[in-house]
Structures are given as structure tokens and as C-alpha cells.
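# Descriptive structure summary
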2 protein chains.
Amino acid sequence: MVTMSDVAKEARVSRATASYALRGDTRIAESTRNKVVEAARKLNYTANLSARSLRSGKSGIIGVAIFELDKPYPSQMSATLSRKINAYGMQAIIQQTSISKRNEISILQRVTSQLCDGTIFSPGSISNEEMRALTDGKPMVLLDDPSLHPAFDSVMTAGTAGARTAVMHLISIGCRRIIVIGASLSTMNDPANANTTKTLRLRGCLQAFQEAELAFDDTTFINADHWDPDTARNIAHQLIDSGRQFDGAFCMTDSLALGFMRGLADRQVYVPQDAALVGFDGIKEGGLSLPSLTTVQTDLDDLAAKSVGMLMERINQPQAHLEPQQMTANYKLVVRESSRR
Amino acid sequence: MVTMSDVAKEARVSRATASYALRGDTRIAESTRNKVVEAARKLNYTANLSARSLRSGKSGIIGVAIFELDKPYPSQMSATLSRKINAYGMQAIIQQTSISKRNEISILQRVTSQLCDGTIFSPGSISNEEMRALTDGKPMVLLDDPSLHPAFDSVMTAGTAGARTAVMHLISIGCRRIIVIGASLSTMNDPANANTTKTLRLRGCLQAFQEAELAFDDTTFINADHWDPDTARNIAHQLIDSGRQFDGAFCMTDSLALGFMRGLADRQVYVPQDAALVGFDGIKEGGLSLPSLTTVQTDLDDLAAKSVGMLMERINQPQAHLEPQQMTANYKLVVRESSRR
DNA sequence: TTGAAAGCGGTACCAA
DNA sequence: TTGGTACCGCTTTCAA
């Protein structure tokens, strides 16, 4: 391994000078800097990350910790965040929490807070206090922070407004017997859930129902333990088998929607003829399915710009001890075949 | 930040003793170790990664560098690798190369070779020699290494055997006018391409055609510049618009297959009635599409077990200077609706 | 069985 | 403008 001493020797300067020169400190004479840079290139030198990070506390790395990388939405979000981070000249590393608390702690404690200049974290089962302790004061931006008293900057998806838009759209195309897949109404009973993704989306649904003066009850809202396609596919089977009637469905994520659509097809119920369908997230797969999926699409570029932007601000101004900020990512309704009649 | 000195002081031992105790060195008396461990827990101590890594050259981190995280196959592969790495008690960090050479170099040079005890890398545009230089002798396992003279351990997907299986399956269900989407025959003309994914899969197709004594020519094989759904969708449009007849299609990836299927549907050509369809990879989305997709499924658990296993062996026995090894991941044909007649 | 001390490869203060 | 040097926090050799 070639170290800075090697470079300094090659350029016939001191280690200190070499260090300054390579980082472009203006106090170093241009001619000296050129010598050093040339020597570094000749030796194919790269600064040792551990050493630099140990001494300066900076690594140039931003961590992204996300629940499950094999699901379309988180993977597309991570990819977008990663590119945005690169655009700032930083390296992005992505870690999968698998929604396991042990994993979350391990990631925050052993990697993120140690190595990363900042973290973008999609919290699962870990509390604000634990995060405080584990991040050791390093900047962190949360994605969809459900806590009642935010302790960190965060970027939210437009859960309530988006869900409201989705249901309003179903109503506007003539649906009158609408069901919602993803959460049951009872979720909202517990005040601790006031800001969870489920509650926010439920709230938007209720707004739409009320504005349109459409009746609803407990059976309108169907919980999904896991927001994945197989769960939704089973729900569809049960629903049809039970003889339930509906002419429109809002699924709280696209993954649910695609699974639900498939489940309906398994029972010869077809979208959009028999029931219109709207999802949420805007994953790419929704544009390819048969029929293609109407969805409330979160603008991932905007989400990435906001979260990485906030994080970089904190990193660059660590002294500013501002209140935690909350931003919301843009969204738009993308109308496709699943709601065209 | 709480350091080892703090722990040592709290436990009333020296820093060295604390270090040994925490890592379970047997020379430390049990009672002493308990004191230290207790102190560490009380202070909520975590060893500084940079310091440890700088001094010992080990970090407990394995890097995974993959081309695009927002595509189903690489994202599902990364997720599986990540879990497998965790099962070995190591931390996994995932980085996205975006198939940009600059990015690949940057990742290898600035993060992977610096920080990671080993790397699993899906090479894009970087050469063996460059990798040698950038990894600085650290263990690395390549995924689908296309080089003619492998310089690293690698795990291959069963390109030739898998593609052969796929085409044989189409033949076995009665298809006689089969087309292949993904690469053109001319790809194989350049000897430099002898081991690329495209060539391997082409080779398998040719074997199947020849064994079944089925005619084929240049027009049987249609190139896709990018292996993504939109490209395939366009190909489908062009093919149908040009009046091309076929009763079966093998797409070199599931993403191509799903796009192709959607493109056929855009032109009122339906799978499997009008043409049977087989993909390659085995992404989860293939089980949900309408119709569900027959595919040659790569066993990702097996792929992960093999690649992480090889890597861990290299890490644990750095002295053994064995020849580069090649392994191949298991696969199986998963027959679904797209080829049921 | 434990402790003192020398680094690992950089950074940054201070002096020249 | 440049160089000497202390130090970041941990590991590891060597001595006690």
C-alpha cells in the first residue's frame, strides 16, 4: 500500500505539505502542489479512508439505511438517493435493515455513526431516544418518521393528501362502493399511531369519503399485515370468495395493488371493468402490468433532493442547532388503465 | 464519544487489558473480563471503526457493488447477498455502480479496498488489470465475470445451460417458430465477447435449436441495447408491426420478458395463446404478472451462499494463494402461465 | 495475567 | 510557504 509518506518522499516535501497540497490548500505554492499531485498520480496513491476518518472525523460517505432492498419501492428509492448523493460528490453506501431492530441498531452503531458523515434512515422499530444515542450527534434525516415529537429532520411522503387524491379519483370516475386495502380503521384508535404511514393514508381516505358524502364502515378498510403482493393476493381471494361487492379499490401501496389485481384475476374479476384500482408509490412496475396501474406517484427525485439537501446542510453547518425540520415530497396522480373506463 | 480509555478507566484496568477483554482474549482472567464488559455496557461503548480498521486492517464489513439497484434482479440479488453476509456476522454495504466506469473505480478505490474486508463485485466496464490495482490485494469475488482469463474468484449464473433449458421448454410445448430477445447472433463473432452474459445465453439457445433440428437465422435473434422492459416493449411493437410471425419467445431476462409481454398486449397479441414466453432470472415480479411468467430461475440463495462462502474463505485464509475459482449458481425452470397451453 | 508503549496513516496546529 | 510533531482510538508486541 502506498502511503502519504511515499508521496512526500517522491515529491521531496514533508508529509504535512503533501497532505495540504493534495487537498488543495491555497497556502501551498502552485509549483509545489503540482509536484505532489504528480508524485501521487505516479504512485497511484489514494488516501487511506480509515486514517483520514479517524483523524478528521469526515469520510465523504453518506449512509442510506432502508428496510428491504428486494421490494420495488425501497429499492427504487435507494437507487435515486444514491445517485443524488453521488451528485454531491459523496459516496453512498446502502444497508438493509430487514426491519429487524437488532439490525437497525447494528447498522447505526457499527457503521453509520462511525463512518458516515450523515445518514438517511427509514426507521422501523427503533425509538427516537435510541437513535439519539446511537447516532452520537451525527446528522441524520429520517424518511417517513412516525414519531409524535420529531427529534430529527425528516422527509415525509404525502400520505394523507395522496390517499385523498387516490380515493377522490375513484369517486370521480363513478365508483361508489370503494374499498381500501392496507390498514383497518382501528389503526387510528391508538394515539401512538397518529403519525404512522398507515394512519396518514387512512386519514386521507376518510377525508375523501366525507367530502363525497360516501358511506363507509369498518368493513371498508381491510388490513394487510405485510404490505406485499402475496398478502394482497390472498386478501383478494378471500374478498371475492366471501361474495363482497365493490367497484373500486385503493391499495395503500403499488405492491399491494399489483398483488390484489393478480388475486382478482385468479377469481375472474377484472380491472378496470369489474373494479377500478389505484395504488400508491409510483413504482416502475406499475407502468408495465396488464392493465397498467393508476397510482399516486411519489416524486423520488424530489424526495432525494430534499432529504440529501437537508442532510448536506446539516453536515456543512454542524454548529447551527436548528429545530428539526419536516419536508414533504411532491407527488402526482398518474392515471393509467386500471382506472380507465 | 466514549473511547476505550473511558472503559479502561471505569473498569480500573489499562487500555490494553480492556481491548483484550472486550475481544474475549483467553489470557484475560474471567473476573477482569467481566469488569470490563460491565463497564463497556454501562458506558454504552462501541469500538471506533476507523481506529480499529486503521490499526488491524479489518473492519467486519463486506462490500457489494452492483450495477443498478432499481432493477428487480440486481436488487433482489443484493438483498440476498446482504442477508447472507449478515449470517456470517459481518456487515454488508451495498453500492451502486450505475455501470459507469468512473463510479466503479471510485467505489473500489475510495471505499471497498479501503474499508471492506472483501468485496462482491458485478463488473461492468472495468478491466481485470484495473481491478487488480484498485483492490490492493484484498479478496474479491466477481459475479458473472466475462473475462477470458479470470484473475479473481467468480460465481456465474448458468447462462448457457439455462438458456438451453428455456428454449428446449418452448420446443417441448410445441413451439416451432421461436425468437430470442436480448442479443443478436453477431455478438458471438467477436472473440472478446466469448464469455459475456449475452454470448453464454446465445450459445445455449443455439444448442437447443440444433438438438431439435430447428432452423434459425440472423432474424431469429433480436438485440436489446438495454436489458430493460421499455426496450423490450418497443421491440415487441416493431416486431408485430412488421408482421413478423412467431409462436414462442425466449427473453434473456425477466425484465425483458415482462416488457415484451406488455408490448405484445399493446398490439393485441396475447401470451400464451398467440405466443408462449419464457424469461430468465426468476424475479418475484414474474409470479404476479398476468399471465405469470415462465422463467429460468437463478437460485439466489445458492448464488449468495457460494459467493459469500468463497469470499469468507479468502478472508480467513489470506495466505493460501490458490488459483481463481469459478462456481456456477443453481437454476431451475419454473413453468407458469406464460408457457401453458 | 496485566500494563506500557509503539505504531496504523492521515490531519492540523504551531513554529520557522 | 513549508516542516515538525502531536494526536485521532485502537491493536499488538514486549516486558513486567
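Along each chain, residue indices are assigned from 1 in the same order as the chain's sequence is written. Key to labels: chains lettered from A, ligands numbered from 1, both in the order written. For a predicted model such as this one, the threshold for reporting local features is a pLDDT of at least 70, and the threshold for listing and counting side-chain atom pairs is 80 or more; totals across whole chains, interfaces and linings nevertheless cover every residue. The side-chain figures draw on all heavy atoms in the structure; neither hydrogens nor water molecules are used.

## Describing the environment of Thr220(A)
Residue and element names in this part refer to chain A. This is how the line gets drawn: Put simply, DSSP marks the helices as runs of H or I at least four residues long and the strands as runs of E at least two long, and each gets a number from the N terminus on. The cut-offs for exposure are 20% and 50% of the maximum accessible area for each residue type, with area from a 1.4 Å probe on protein chains only; residues under the lower value are buried, those over the upper are exposed, and the others partly exposed. The contact definition used throughout considers only heavy atoms, calling two residues in contact when any of these lie within 4.5 Å.
Tracing the backbone through its elements, the reader meets Thr 220 in the loop between α9 (197-211) and β7 (221-223). When its relative accessible area of 6% is taken as the criterion, Thr 220 is described as buried. The sequence separation of Thr 220 and Ile 178 amounts to 42 residues, and the corresponding C-alpha distance is 7.1 Å. Thr 220 has contacts with Ile 178, Ile 179, Val 180, Phe 209 and Arg 244, leaving out every residue within four places of it along the chain.

## Some thoughts on the protein's contact with DNA strand C
Formally: If even one non-hydrogen atom of a residue comes within 4 Å of a molecule or strand, that residue is called near it. Within 3.5 Å is the distance limit for a polar contact, defined as a pair of N or O atoms, with the added protein rule that one can donate a hydrogen and the other accept it, and that residues adjacent in sequence qualify only through two side-chain atoms.
In the vicinity of DNA strand C, 27 residues are found, and the nearest of them are Arg15(A), Tyr20(A), Thr17(B), Thr32(B) and Arg55(B). Backbone atoms, meaning sugar plus phosphate, form 55% of the atoms of DNA strand C positioned within 4 Å of the protein. Arg15(A) places a side-chain nitrogen or oxygen 2.5 Å from a base nitrogen of DNA strand C. Breaking the surface near DNA strand C down by element, the ones donating at least two residues are α2 (15-22) and α4 (49-56) of chain A together with α2 (15-22) and α4 (49-56) of chain B.

## With respect to the packing of helix α1 (residues 4-11) of chain B against α2(B)
All names here are of chain B. Our working definition: Axis geometry follows a simple rule: fit a line to the C-alpha atoms, using only the stretch in contact for helices, then measure angles between N-to-C directions, giving values from 0 to 180 degrees. In these notes the angle categories are as follows: under 35 degrees is roughly parallel, over 145 is roughly antiparallel, 65 to 115 is roughly perpendicular, and the rest is oblique. Residues are sorted three ways: Asp, Glu, Lys and Arg are charged, Ala, Val, Leu, Ile, Met, Phe, Trp, Tyr, Cys and Pro are nonpolar, and all the rest, Gly among them, are polar.
Contact pair α1 / α2: the axes reach a minimum separation of 8 Å and the direction vectors enclose 95°. Regarding the angle of α1 to α2, the classification is roughly perpendicular. Seen from α1, the contacting residues are Met 4, Ser 5 and Ala 8; seen from α2, they are Arg 15, Ala 18, Ser 19 and Leu 22. A per-class count over the contact of α1 with α2 returns four nonpolar, two polar and one charged.

## Remarks on the pattern of salt bridges
Formally: Whenever a carboxyl oxygen of Asp or Glu lies within 4 Å of a side-chain nitrogen of Lys or Arg, that contact is scored as a salt bridge.
With the rule as written, the count across this model stands at 28 salt bridges over all chains. Residue Asp70(B) pairs with Arg83(A) through a salt bridge whose shortest N-O separation is 2.9 Å. Placement of Asp70(B) in the loop between β1 (61-66) and α5 (72-87) and of Arg83(A) in helix α5 (residues 72-87) is noted, with the two residues assigned to different chains. Of the charged contacts in the structure, one is a salt bridge between Glu130(A) and Lys101(A), with a shortest N-O distance of 3.1 Å. Taken together, the residues span a long stretch of sequence, with Glu130(A) in helix α7 (residues 128-135) and Lys101(A) in helix α6 (residues 101-115) at a distance of 29 residues. Lys101(A) sits in the partly exposed class, given a relative accessible area of 34%.

## Some words on the protein's contact with DNA strand D
Around DNA strand D, 25 residues are found, and the nearest of them are Thr17(A), Thr32(A), Met4(B), Arg15(B) and Tyr20(B). Taking the atoms of DNA strand D that fall within 4 Å of the protein, sugar and phosphate contribute 59% of them. In the environment of DNA strand D, a phosphate oxygen lies 2.5 Å from a nitrogen or oxygen atom belonging to the side chain of Thr17(A). In the environment of DNA strand D, a base oxygen lies 3.1 Å from a nitrogen or oxygen atom belonging to the side chain of Tyr20(B). When residues of the surface near DNA strand D are traced back to their parent elements, those giving at least two are α2 and α4 of chain A together with α2 and α4 of chain B. Of the residues contributing to the surface near DNA strand D, the split by class is 12 nonpolar, seven polar and six charged.

## Describing helix α8 (residues 159-172) of chain A
All names here are of chain A. Definition in use: One less than the number of residues in a helix, times 1.5 Å, gives the span that helix is expected to have.
In a regular helix each residue adds 1.5 Å, so 14 residues correspond to 20 Å; α8 covers 20 Å between its end C-alpha atoms and thus fits that length. Every buried residue belonging to α8 is among Gly 159, Thr 160, Gly 162, Ala 163, Thr 165, Ala 166, Val 167, His 169, Leu 170 and Ile 171, and all of these are buried. The elements touched by buried residues of α8 are β6 (178-182), α9, β8 (248-251), β9 (276-281), β10 (294-298) and β12 (331-334). Positive backbone phi, approximately 110°, marks Gly 174, located one or two places after α8.

## Thoughts on the side chain of Ser78(A)
Its place among the elements puts Ser78(A) in helix α5. Contacts of Ser78(A), omitting those with residues within four sequence positions, involve Ile66(A), Leu69(A) and Ile94(A).

## Quick look at unusual backbone geometry
The step from Leu290(A) to Pro291(A) runs through a cis peptide bond, and the omega angle for that step is -5°. You can see Pro291(A) is positioned in the loop between β9 and β10. With a phi angle near 55°, Glu213(A) is a residue other than glycine that sits in the positive phi range. By the element assignment, Glu213(A) lies in the loop between α9 and β7. Positive phi, close to 60°, is recorded for Asn44(B), a residue that is not glycine.

## Re the interface of chain A and chain B
Interfaces are frequently sized by the accessible area removed from exposure as the parts join. What counts here: Buried area: the accessible area, evaluated with a 1.4 Å probe, that two parts lose upon being put together, summed over both parts.
Taken together, the contact between chain A and chain B spans 51 residues of the former and 51 residues of the latter. By the criterion of area lost to chain B, the three top residues of chain A are Arg262(A), Leu288(A) and Leu290(A), representing 15% of everything that side buries. Summed over the shared surface of chain A and chain B, the number is six salt bridges. Where chain A packs against chain B, one counts 25 residue pairs in polar contact (both at pLDDT 80 or more).

## Here we look at the nonpolar core
Inclusion rule: Residues enter a nonpolar core if they are buried and are Ala, Val, Leu, Ile, Met, Phe, Trp, Tyr or Cys, with the set joined through side-chain atoms within 4.5 Å.
Residues Phe250(A), Phe260(A), Phe250(B) and Phe260(B) are the most contacted members of the largest nonpolar core, which totals 143 residues. Setting aside its immediate chain neighbours within four residues, Phe260(A) contacts Ile179(A), Ile181(A), Ala232(A), Arg233(A), Ile235(A), Ala236(A), Leu239(A), Phe246(A), Ala249(A), Cys251(A) and Leu277(A). Listed in part, the 12 residues of the second largest apolar core include Ile61(A), Leu49(B), Val111(B) and Leu115(B).

## As for the domain arrangement of chain A
Residue and element names in this part refer to chain A. So the rule is basically this: Note that the domain bounds were set by an automatic or database domain assignment.
The assigned domain composition of chain A is domain 1 (1-46), domain 2 (57-157 + 300-329) and domain 3 (159-298 + 332-339). Its C-alpha centre places domain 2 at a distance of 29 Å from the equivalent point of domain 3. Taken together, the 14 residues of domain 2 in the interface contact 17 residues of domain 3. Of the roughly 1100 Å² buried at the junction of domain 2 and domain 3 (both faces included), carbon and sulfur atoms supply 56%. Where domain 2 meets domain 3, there are zero salt bridges. The interface formed by domain 2 and domain 3 contains five residue pairs in polar contact (both at pLDDT 80 or more). If you list the elements that add at least two residues to the side of domain 2 that touches domain 3, you get α5 and α12 (300-316). The element best represented in the side of domain 2 that touches domain 3 is α5, accounting for three residues.

## Section: the pairing of strand β6 (residues 178-182) of chain B
Residues and elements named next belong to chain B. What counts is decided by this rule: In this analysis, strands are considered paired if DSSP registers two or more bridges between them.
With five of five residues buried, β6 is to be regarded as a mostly interior element. Of the two faces of β6, the one carrying Ile 178, Val 180 and Gly 182 and the one carrying Ile 179 and Ile 181 are both buried. Across four bridges, the pairing between β6 and strand β8 (residues 248-251) is parallel. Across the sheet, residue Ile 181 finds its bridge partner in β8, namely Cys 251. Of the pairings in the sheet, the one linking β6 to strand β7 (residues 221-223) comprises three bridges and is parallel in character.

## Some remarks on the UniProt feature "domain: HTH lacI-type" (unreviewed entry) in chain A
As a reminder of what qualifies: UniProt positions are given in the numbering used here, feature names are shortened, and annotations may be inferred rather than shown by experiment.
When the UniProt feature table is mapped onto this chain numbering, "domain: HTH lacI-type" (unreviewed entry) sits at residues 2-56 of chain A. A helix fraction of 69% and a strand fraction of 0% characterise residues 2-56 of chain A, whose end C-alpha atoms lie 20 Å from each other.

## Looking at the packing of α5(B) against helix α12 (residues 300-316) of chain B
Packed helices, taken two at a time, are described by the angle between their axes plus the distance between the axes. All names here are of chain B. Note the cut-off: Left-handed is the label given to a crossing in which the near helix is rotated counterclockwise from the far helix by less than a right angle, and right-handed is the label when the rotation is clockwise.
Where α5 meets α12, the closest approach of the two axes is 9 Å, and the angle between their N-to-C directions is 55°. Relative to α12, α5 is oriented oblique. Between α5 and α12 the crossing geometry is right-handed. Between α5 and α12, the residues in contact are Tyr 73, Gln 76, Met 77, Thr 80, Leu 81, Lys 84 and Ile 85 and Leu 300, Asp 301, Leu 303, Ala 304, Ala 305, Ser 307 and Val 308, respectively. In terms of residue class, the contact of α5 with α12 is built from nine nonpolar, three polar and two charged.

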